Protein chains: 2
Amino acid sequence: MADYFSMDKNALLQEQAALQKEYDAFAAKGLKLDMSRGKPAPDQLDLSMPLLKMDDYMDEDGTDVRNYGALEGCTEARRFFAEILGTTIEETFVAGNSSLNMMYNMLDLGWRHGFPESPKPWKDCDTIKFLCPSPGYDRHFRVSESFGFELLMVPMLPTGPDMDVVEELVRDEAVKGIWSIPVYSNPDGYVYSDETVQRLAKMDAAAPDFRIFWDNAYGVHHLTEVAYACPNLLLACRAAGHENRALMFCSTSKVTFSGGGVGAMGASVQNVAAAAEYLFPMTICYDKINQLRHVRFLRKVGLENHMEKHAQMLRPKFGVVVDELHRQLDACGTIARWTEPKGGYFLSLFVPDGCAKRVVALCKQAGVVLTGAGAAFPYGVDPNDSHIRIAPTYPPIEELKTAAQLLCIATRLASVEKLLAAQPA
Amino acid sequence: MADYFSMDKNALLQEQAALQKEYDAFAAKGLKLDMSRGKPAPDQLDLSMPLLKMDDYMDEDGTDVRNYGALEGCTEARRFFAEILGTTIEETFVAGNSSLNMMYNMLDLGWRHGFPESPKPWKDCDTIKFLCPSPGYDRHFRVSESFGFELLMVPMLPTGPDMDVVEELVRDEAVKGIWSIPVYSNPDGYVYSDETVQRLAKMDAAAPDFRIFWDNAYGVHHLTEVAYACPNLLLACRAAGHENRALMFCSTSKVTFSGGGVGAMGASVQNVAAAAEYLFPMTICYDKINQLRHVRFLRKVGLENHMEKHAQMLRPKFGVVVDELHRQLDACGTIARWTEPKGGYFLSLFVPDGCAKRVVALCKQAGVVLTGAGAAFPYGVDPNDSHIRIAPTYPPIEELKTAAQLLCIATRLASVEKLLAAQPA
């Protein structure tokens, strides 16, 4: 192996032949591996099995959670998530099994009814634009896309979204919000800097009802001994005179069970009241039994201890992927770069421009499913066709090793193909 | 006691004085009773406690329900609810803890996107009208009201909505749907006749995307040994060439836990596919852990046996109320009539026109909260101010007896007041 950029055509052809042989050997194995979604592995899910044996039903305030009522969540759950979100109980809404659904609902609230300071419902505006720090989370972008909003890409930096770009774009009053994953971002694993948070809170947005959808999905999902964190967005926004700007979300989908957990929102009292009013016709209440047992279970085992057990399972998986990337790609020159997150569920691999789709296709042909190239960008289109999201959490470590080997071979093969195509005829 | 209509003014004044004395005695007791909502009592909730100790997580098809996936519900749950709804698995969507939320979503689907045969989304229509058989369920009416629809009252008969009126109204293409609780209707406890179901299925609706929101909330909630039922609406609609017209719902909110149960929808494959497409941006999946344990628990104990235990608790409660109504009101002449349901959670009391609000206010002053007068009508307005919804399930039987006594006294007092007001000066 040597720097591909220093190779002449013959050397590249030789490398291509060697890689093709390695690739064919993998393809012959009949692999069926999936690195496409950020799902916890079964051993992680096993950590929370005692939760399923808890039949607590009396809330701290004497409410029987087996019956109707308490749309904003049972008191103990509101108290618990308030601690996580850095809010008061009154600023905390505990919902159902899906924080994504709560985000969708808040966006729908703005769209159908408008927020307290909206000049009119967003549906009555000619154009609504949403800022999408990219690469980002495909399901966020899809929510705003489903409402017909125009999605504006903002480059992601290791400090968070490029705030120079954000501050420029929000001068347009059609820009009503921004998606954010502040801690261990999906997919880069970046943590927003203090400065980014302050600038988001303070910036002059032309839209009076501008909203930051702050999805702190991985806030307690550390992979190292350092518990990286961001300043509290609600407090920062309040200090800047924009307290209704912050809509903070978190969930236990990757703490306990994915799709069987509890989602919550932290926001100003006015936003929480608007949410409750909007949600009232939609449902009688959320599943408070699941809320209460989650709180009791996580208090009993200790959230930090519990997450450390997750980390013990995930660290070697991230390690295997990153090690293989180094082993195969370090010597090839700058054909690829990648992030090495300190937490969360993903890492980003950047291959040469124009090669991401080819790499994903090569992997797929050999039996390894990756997230579709472009998925982390608005409308599913990566303008550079360069980014691949790696989700190393679900496969067993041996399979992951195999998948990472194949991924690196495919990356090298696609890179060589590109260099060859650029050679003079 | 005698027929109030045969009393002269003096007799009425005597009766009023006697009733006022009785009423004051109740008011002095400092009662705090609530007959306002259809909630199961704690002993009913206790019946399902073993459910909370079930930690099953492997679906019959090998899916780990602790992880993401299966938006339409886990296979076992779809099979189970298909049996209840009389549908195939493919015609069955199993959702979260709230069937009301699923109804809301289906209405929002029509509003935002339109159904497969909609000329355009309902939001782009000048006027949308919805038929509200009344008295009916306030939360149904509120869903359609929250979308700004015009609510049209249809009289409820013991056979279901007055179909002559319905058939006339659906000739207006702005009429897009009808609310229905076909078995043990809320609040009357009526069961739709076979003819009503056939006429709903066959009628010529001007709107090609007309939808029947068929909330079979009490389909297994019998109070007698007869399991009253309706013909299968989806089959009837299919036979009439209108299979997309039927949207059937059910839930376990009053089988297991209220707000902690599972809701489901039965509909044509096309409707189920439209629902899944619409819901995709909104959530990753519903809580399949709760789905699976519900199915396993209810199969284990037997749904019929389980519901018979509920019935044993509810029968005496309905009995106490109905007995007291007979005891106090039979002799008073036709001041009141009421329904005596064979299942469900409610009964209707009709007091003299113009007296319902007064009766509810009298009860409230004496410490007994009833559902607000008019709540069972569109916009919360009973044009006759005559109807009171009685929810006898939640209070302990002794309290219920007291509340029923007071209710009857209040009914008689309000009736006497009305007769006195009509006396020549």
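For clarity, every value in this text was computed on a predicted model and none was experimentally measured.

A. A look at the packing of helix α11 (residues 303-329) of chain B against helix α13 (residues 397-421) of chain B. Residues and elements named next belong to chain B. The geometry of α11 relative to α13 is characterised by a closest axis approach of 9 Å and an angle of 30° between their N-to-C directions. It follows that α11 is roughly parallel to α13 by the angle criterion. The crossing of α11 and α13 is right-handed. Of the residues in α13, those touching α11 at P316, K317, V320, V321, E324, L325, Q328 and L329 are I397, L400, K401, A404, Q405, C408, I409, T411 and R412.

B. Structural view of the packing of aromatic side chains. For the structure shown, the criterion picks out 35 aromatic pairs over all chains. Here the guanidinium or amino end of B:R66 rests over the ring plane of B:Y57, the centre of that ring lying 3.7 Å away.

C. The arrangement of the interface of chain A and chain B in detail. Taken together, the contacts link 52 residues of chain A with 52 residues of chain B. When the two sides are added together, the surface that chain A and chain B hide from each other amounts to roughly 4600 Å², 54% of it contributed by carbon and sulfur. Per-residue buried area on chain A facing chain B is highest for A:R66, A:Y68 and A:R112; these three make up 16% of the total on that side. At the boundary of chain A and chain B, one finds 4 salt bridges. A salt bridge links B:K53 to A:D55, with the shortest nitrogen-to-oxygen separation between them at 3.9 Å. Put simply, chain A and chain B have 25 residue pairs in polar contact (both at pLDDT 80 or more) between them.

D. Region of interest: the pattern of salt bridges. Using the criterion set out here, one finds 44 salt bridges over all chains in the structure. A:R66 is the partner of B:D46 in a salt bridge, and the nearest nitrogen-oxygen pair spans 2.7 Å. Here B:D46 is found in helix α2 (residues 42-46), whereas its partner A:R66 is found in the loop between α2 (42-46) and α3 (75-85) on a different chain. When its relative accessible area of 39% is taken as the criterion, B:D46 is described as partly exposed. Overall, A:R66 belongs to the buried group, its relative accessible area being 1%.

E. Region of interest: the relation of the copies chain A and chain B. Between chain A and chain B, which share one sequence, the superposing operator has a rotation angle of 180° and an axial displacement of 0.0 Å; the RMSD is 0.0 Å. The symmetry that links the two subunits is that of a two-fold axis. Among all residues of chain A, the one whose C-alpha sits closest to the rotation axis is A:K53, at a distance of 2.3 Å. The overlap is high: 100% of the interface residues of chain A also sit at the interface in chain B, so the same surface is used on both sides.

F. Representation of the nonpolar core within the structure. Counting 290 residues, the largest nonpolar core has A:F93, A:M106, A:M265, B:F93, B:M106 and B:M265 as its most contacted members. Ignoring sequence-local partners within four residues, the contact set of B:M106 consists of B:F115, B:F213, B:L247, B:F249, B:M265, B:N271 and B:A275.

G. Representation of the side chain of A:Q44. Residue and element names in this part refer to chain A. Relative to the helices and strands, Q44 resides in helix α2. Accessibility expressed as a relative area gives 0% for Q44, which makes it buried. Of the polar contacts made by the side chain of Q44, one reaches the side chain of H310; its length is 3.0 Å. Ignoring sequence-local partners within four residues, the contact set of Q44 consists of H310, M313, L314, Y345 and T393.

H. A look at the sheet that holds strand β8 (residues 246-251) of chain A. All names here are of chain A. Spatial strand order, β2-β9-β8-β7-β6-β3-β4-β5: 8 strands in an open sheet with mixed pairing. A single partner strand is all that each edge strand has here, and the edge strands are β2 (92-94) and β5 (160-161). Bridge count between strand β6 (residues 175-180) and strand β7 (residues 211-215): 4 bridges; the pairing is parallel. Residue pairing for β7: S180 is matched across the bridge by W214. Across the face of the sheet, α3 comes into contact with β2, β8 and β9 (263-267) while running at roughly 120° to β2.

I. Region of interest: the sheet that holds strand β11 (residues 347-350) of chain B. Residue and element names in this part refer to chain B. The sheet built from 3 strands is open, its strands ordered β10-β11-β13 with antiparallel pairing. Unpaired on one side and paired on the other, β10 (337-338) and β13 (387-390) mark the two borders of the sheet. With 2 bridges joining them, β10 and β11 adopt antiparallel strand pairing. Bridge pairing links W338 to L349 in β11. Where α11 meets the sheet, it contacts β10, β11 and β13, and its direction lies at approximately 15° from that of β11.

J. Region of interest: the environment of B:L12. Residue and element names in this part refer to chain B. Its location among the elements puts L12 in helix α1 (residues 9-27). On the basis of relative accessibility, which here comes to 0%, the residue L12 falls in the buried class. In this structure, the C-alpha to C-alpha distance between L12 and S268, residues 256 residues apart in sequence, is 59 Å. Apart from residues lying up to four places away in sequence, L12 is in contact with Y4, M7, V416, L419, L420 and Q423.

K. Region of the structure containing the pairing of strand β11 (residues 347-350) of chain A. Residue and element names in this part refer to chain A. The alternating pattern of β11 places L347 and L349 on one face and S348 and F350 on the opposite face, and all of these are buried. As paired strands, β11 and strand β13 (residues 387-390) are joined by 4 bridges and run antiparallel to one another. In the sheet register, L347 faces β13, and the bridge partner there is I390.

L. Quick look at the packing of helix α12 (residues 356-365) of chain B against α13(B). Residues and elements named next belong to chain B. Between α12 and α13, whose axes approach to 9 Å, the crossing angle comes to 135°. It follows from the interaxial angle that α12 and α13 lie oblique. For α12 against α13, the interelement crossing comes out right-handed. For the pair α12 and α13, contact is made by R358, V359, L362 and C363 and by L406, L407, A410, T411, L413, A414 and E417, respectively. Split by residue class, the contact of α12 with α13 holds 8 nonpolar, 1 polar and 2 charged.

M. View of unusual backbone geometry. Residue and element names in this part refer to chain A. The linkage connecting N186 with the following residue, P187, adopts the cis geometry, with an omega of 10°. With respect to the helices and strands, the residue P187 is situated in the loop between β6 and α7 (194-202). Positive phi values are uncommon outside glycine, yet Y184 reaches one of about 50°. Along the chain, the position of Y184 falls in the loop between β6 and α7. Of the residues examined, Y184 reaches a relative accessible area of 1% and is grouped as buried. In this model, D385 sits at a positive phi of 45°, which is unusual for a non-glycine residue.

Basis of the calculations
Residue numbers restart at each chain and count upward from 1, following the sequence in its written direction. To read the labels, note that chains go from A and ligands from 1, taken in the order they are written. Confidence filtering applies because this is a predicted model: local features only for residues at pLDDT of at least 70, side-chain atom pairs given and counted only at 80 or more, and all residues used for totals across whole chains, interfaces and linings. Note: side-chain values were computed over all heavy atoms of the structure, leaving out hydrogens and water. Lines fitted to the C-alpha atoms define the axes, with helices restricted to the stretch that makes contact. Angles between their N-to-C directions range from 0 to 180 degrees. In this text, helices come from DSSP runs of H or I with a minimum length of four residues, and strands from runs of E with a minimum of two, each type numbered from the N-terminal end. Orientation labels follow simple angle bins: below 35 degrees gives roughly parallel, above 145 gives roughly antiparallel, 65 to 115 gives roughly perpendicular, and whatever is left gives oblique. Take the far helix as your reference; a near helix turned counterclockwise from it by less than a right angle gives a left-handed crossing, and one turned clockwise gives a right-handed crossing. Any two residues whose heavy atoms approach within 4.5 Å are treated as being in contact. Ring pairs shown here join Phe, Tyr and Trp side chains whose ring centres sit within 6.5 Å, with only the six-membered ring taken for Trp; geometry is labelled stacked below 30 degrees between planes, edge-to-face above 60, and tilted in between. A ring is considered to have a charge above it if a Lys NZ or an Arg CZ atom is located within 6 Å of its centre and within 35 degrees of its normal. Buried area is a sum: the accessible area each of two parts loses on coming together, probed at 1.4 Å, counted once for each and added. Each reported salt bridge corresponds to a side-chain nitrogen of Lys or Arg within 4 Å of a carboxyl oxygen of Asp or Glu. Here a polar contact is recorded for every N or O atom pair within 3.5 Å, except that within protein the pair must consist of a potential hydrogen donor and a potential acceptor, and residues adjacent in sequence are included only if both atoms are side-chain atoms. Categorising residues by exposure relies on relative accessible area from a 1.4 Å probe, with only protein chains included: less than 20% of the type maximum marks a residue as buried, more than 50% marks it as exposed, and the intermediate range marks it as partly exposed. To line up the copies, we fit them by least squares on C-alpha atoms, keeping just the residues with pLDDT of at least 70 in both. Each nonpolar core is a collection of buried residues, namely Ala, Val, Leu, Ile, Met, Phe, Trp, Tyr and Cys, held together in the definition by side-chain atoms within 4.5 Å. By definition, two strands form a pair when at least two bridges between them are found by DSSP. Each residue receives one of three labels: charged for Asp, Glu, Lys and Arg, nonpolar for Ala, Val, Leu, Ile, Met, Phe, Trp, Tyr, Cys and Pro, and polar for the others, Gly being one of them.

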